[in-house]
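The chain contents come next:
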Amino acid sequence: MRWEGNRQSDNVEDRRASGVGGRSIGIGSIIVALIAWGVFGINPLTVLGIMQGGAPTVQTQQAPGTTGPVDDRSGQFVATVLADTEDVWGGIYSNYKDPRLVLFRDATSTACGTGQAAMGPFYCPADTTVYIDLSFFDELKSRLGAPGEFAQAYVIAHEVGHHLQRLQGTTQKIDSMRGRISQTEYNQLSVRLELQADCYAGVWGHHADRQRKILEGGDIEAAMNAAAKIGDDALQRSAGRVVRPESFTHGTSDQRQRWFYTGLKSGDPQACDTFNASPL
Ligand SMILES: [Zn+2]
């Protein structure tokens with residue numbers, strides 16, 4: 001992926017040096033979090049409740065991190081991909097409002113409760129911020145078998161896709177149904193929300209490549225491979241579990257690949273109407 005030298009976003013806050021001292025989570029918990037909620041969880045609070053034994057999360061006070069240019073390569077990569085999503089979505093929607101992005105290590109406070117690295121990257125609608133502990137990219141490469149910068153960019157763009165859903169009111173609509181529908185029905189809506197975020201990530205890739213020629217040989221394959229590795233069925237299978245479709249929250253490998261590709265090929269957010277798609 002070609003990204004060096006491109007614009008970096010000003011909306012990044014680096015908290016990697018100012019952790020809240022949250023305990024680091026073992027690999028077992030990471031797997032539990034991945035399996036239970038899929039990577040790129042949509043409801044950090046739920047995950048946190050589980051990780052902390054169901055107790056309500058305590059908001060931790062934390063000094064703000066630093067803003068301004070980041071000086072390490074991984075941080076610069078994230079800031080560059082974020083800037084690229086700003087340019088693409090700002091070009092498509094004139095009223096687009098940029099999200100913020102926080103880089104953290106281990107744990108950090110968010111308007112959605114304390115964010116943990118084990119949750120994977122996530123988007124908090126309450127403070128319209130994407131949270132990423134960069135160690136996830138090592139997980140993605142080594143544990144989940146999905147290397148490649150464009151695979152990482154897909155992850156970031158997927159979270160920005162959730163921001164778009166927040167701006168569109170979709171997130172709020174689905175959240176309001178929580179408790180009024182069964183868990184299985186809620187999971188099905190969650191899958192549609194997640195697949196739409198995958199599709200939006202593809203839409204971003206389409207325009208970013210058109211505008212800035214970011215894609216190199218093997219990049220699309222790397223993102224498609226990542227989409228497959230983080231499918232709910234693949235995650236359950238790799239954990240040695242029985243595949244239970246009613247527990248899916250993010251979609252199968254096949255669905256995640258298909259919707260990402262739909263966005264990537266069309267470049268059209270209208271093509272991402274997962275809520276009316278049948279079959280999904
Ligand atoms: Zn997601």
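Before reading on, note that the structure itself is shown above.
Residues numbered from 1 in each chain as written. Predicted model: local features only at pLDDT ≥ 70, side-chain atom pairs only at ≥ 80, totals over all residues. Heavy atoms only, no water.

**Student:** Would you explain the pattern of salt bridges in this entry?
**Tutor:** When charged atoms on two side chains of opposite charge get close, those side chains can pair. Applying the stated criterion across every chain yields a total of 13 salt bridges. For E149, the salt bridge goes to R73, with nearest N and O atoms at 3.2 Å. Within this pair, whereas E149 is found in helix α5 (residues 149-168), its partner R73 is found in helix α3 (residues 73-92), the two being separated by 76 residues in sequence. We classify E149 as partly exposed; its relative accessible area is 23%. Across the pair R256 and D198 runs a salt bridge, and its minimum N-O distance is 2.8 Å. Here R256 is found in helix α10 (residues 253-266), whereas its partner D198 is found in helix α7 (residues 183-212), with 58 residues between them in sequence. Considered together, R256 and D198 belong to a single accessibility category, that of buried residues. Salt bridges here are not isolated pairs; linked through shared partners, they connect E4, R73 and E149. (Salt bridge = Lys/Arg side-chain N within 4 Å of Asp/Glu carboxyl O. Helix = DSSP H or I, 4+ residues; strand = E, 2+ residues; numbered from the N terminus. Buried < 20%, exposed > 50% of the residue type's maximum accessible area, 1.4 Å probe, protein only.)

**Student:** Looking at this structure, I do not really get the packing of α5 against α7. What am I missing?
**Tutor:** Relative orientation and spacing of two packed helices are given, respectively, by the angle between their axes and the distance between those axes. Where α5 contacts α7, the axes come no closer than 7 Å and their chain directions differ by 115°. In this structure, α5 meets α7 at a crossing whose hand is right-handed. Judged by residue contacts, F150, A153, Y154, A157, H158, G161, H162, L164, Q165 and Q168 of α5 engage L193, E194, Q196, A197, D198, Y200, A201, W204 and G205 from α7. Taken together, the residues of the contact of α5 with α7 sort by class into 10 nonpolar, 7 polar and 2 charged. (Axes fitted to C-alpha atoms, helices over the stretch in contact; angles between N-to-C directions. Left-handed = near helix turned anticlockwise from the far one by under 90°. Contact = heavy atoms within 4.5 Å. Nonpolar A, V, L, I, M, F, W, Y, C, P; charged D, E, K, R; others polar.)

**Student:** Can you walk me through the pairing of strand β4 (residues 107-110) in this structure?
**Tutor:** Along any regular strand the residues' side chains alternate between the sheet's two faces. In β4, alternate side chains face the same way, and those of A107 and S109 on one face and T108 and T110 on the other are all buried. By the bridge criterion, 4 bridges tie β4 to strand β5 (residues 113-116) in an arrangement that is antiparallel. Looking at β5, one finds that T108 is bridged to G115. Where β4 folds back onto β5 in an antiparallel hairpin, the turn is made up of 2 residues. (Pairing = 2+ DSSP bridges.)

**Student:** Sorry if this is basic, but what is going on with the packing of α3 against α7 here?
**Tutor:** Relative to each other, α3 and α7 sit at 95°, their axes nearing to 9 Å. By the angle between their directions, the pair α3 and α7 is classed as roughly perpendicular. Contacts between α3 and α7 pair V81, D84, T85, D87, V88, W89 and I92 from the former with Y200, V203, W204, H207, A208, Q211 and R212 from the latter. Taken together, the residues of the contact of α3 with α7 sort by class into 8 nonpolar, 3 polar and 3 charged. (Parallel < 35°, antiparallel > 145°, perpendicular 65-115°, else oblique.)

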